[in-house]
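Reading the structure
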Amino acid sequence: MIIIVDERSEVTEAYCASFGREGLSPTGFNQAEFEGWFHTAGVQDLAAVETSIIGSFPDRERSISMVKSRSSIPVIAVNETMGLESMLSLFATGADDVVRKPVHAREFIAWIAAI
């Protein structure tokens, strides 16, 4: 399962549709839903997660840190623009990769396989 976290439902819906066309099982959350799910998820639920894709929203570093503190799930952060300070902050928080929009589902699949 691929988890997509973004505050904009149209973003999560678009990514879910793109991954679905590629034959994968994505799930979209906003930040509050994701954090609530993550805190209550069991070991088997977390083992089913292939990666989490974290979109651009305030305090997303908290979501990245939360994932990394409890699991080895790869985290790919998505930036609307590619600024050095933002990218370095995301890596320092624990992101495994930082990519810039627009990103096709097949690119994410390649990154997931590489990680």
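If you're wondering where the values come from, they're calculated on a predicted model, not measured in any experiment.

What counts, and where the lines are drawn
Residues numbered from 1 in each chain as written. Predicted model: local features only at pLDDT ≥ 70, side-chain atom pairs only at ≥ 80, totals over all residues. Heavy atoms only, no water. Helix = DSSP H or I, 4+ residues; strand = E, 2+ residues; numbered from the N terminus. Rg over C-alpha atoms; globule rule 2.2 N^0.38 Å. Contact = heavy atoms within 4.5 Å. Areas by Shrake-Rupley, 256 points an atom, 1.4 Å probe, with all protein chains shown as cover. Phe/Tyr/Trp six-rings, centres within 6.5 Å; stacked < 30°, edge-to-face > 60°. Buried < 20%, exposed > 50% of the residue type's maximum accessible area, 1.4 Å probe, protein only. Core = buried A, V, L, I, M, F, W, Y, C linked by side-chain atoms within 4.5 Å. 1 Å grid on protein atoms, 1.4 Å probe; cavity = no way out; pocket = protein on both sides within 12 Å on 5 of 7 lines; lining within 4 Å. Points joined across faces, edges and corners; volume = space filled by probe spheres on them. Nonpolar A, V, L, I, M, F, W, Y, C, P; charged D, E, K, R; others polar. Salt bridge = Lys/Arg side-chain N within 4 Å of Asp/Glu carboxyl O.

Examining the overall build of the protein
Broken down by element type, the protein carries six helices and five strands. Taking 13 Å as the expected radius of gyration for a compact globule of 115 residues, we find that the protein reaches 13 Å, a close match to that expectation. Pairs at least 24 residues apart make up 55% of the contacts formed inside the protein by residues separated by at least 6 positions. Approximately 5800 Å² of the protein is accessible, and the part contributed by carbon and sulfur atoms is 53%.

Quick look at the packing of aromatic side chains
Overall, the coordinates contain eight aromatic pairs when judged by the stated rule. A centroid spacing of 5.9 Å and a plane angle of 40 degrees characterise the contact between Phe19 and Phe108, whose relative ring orientation is tilted. With a gap of 89 residues between them, Phe19 in helix H1 (residues 9–21) and Phe108 in helix H6 (residues 105–114) connect regions that are remote in the sequence. Summarising the burial analysis for this pair, Phe19 and Phe108 share the class buried. A network of ring pairs unites the aromatic residues Tyr15, Phe19, Phe108 and Trp111 as a single cluster.

Examining the nonpolar core
Counting residues in hydrophobic clusters, the biggest one holds 19 residues, and the most contacted among them are Phe34, Phe38 and Ile64. Considering each element in turn, this core owes the most residues, three residues, to helix H4 (residues 60–70). In contact with Ile64, other than residues within four places in its own chain, are Ile54, Val75, Ala77, Leu90, Thr93, Gly94 and Ala95. In terms of nonpolar packing, the next biggest core, distinct from the first, is built from 14 residues, Val11, Ile53, Val78 and Phe108 among them.

Considering empty space enclosed by the protein
Summed over the entire model, instances satisfying the criterion amount to one cavity of 30 Å³ or more. For the largest cavity, the lining is made up of 13 residues, of which Asp6, Val11, Tyr15, Gly55 and Val78 are closest to its centre. Class assignment for the residues of the lining of the largest cavity results in seven nonpolar, two polar and four charged.

Here's the deal with the pattern of salt bridges
This model, assessed by the stated rule, comprises seven salt bridges. Residue Arg62 is joined to Glu35 by a salt bridge in which the shortest nitrogen-to-oxygen separation is 2.9 Å. Of the two residues, Arg62 sits in helix H4 while Glu35 sits in helix H2 (residues 31–40), which places them 27 residues apart along the sequence. Taking the relative accessible area as the measure of exposure, Arg62 reaches 43% and is therefore partly exposed. Among the residues examined, Glu35 registers a relative accessible area of 11% and is labelled buried. Of the charged contacts in the structure, one is a salt bridge between Asp96 and Lys68, with a shortest N-O distance of 2.7 Å. Taken together, the positions of Asp96 in the loop between helix H5 (84–93) and strand E5 (97–100) and Lys68 in helix H4 put the pair 28 residues apart, joining distant regions of the chain. Judged by its relative accessible area of 27%, Lys68 falls in the partly exposed class. In this structure, a network of salt bridges that share partners links the residues Asp6, Arg8, Glu80 and Lys101.

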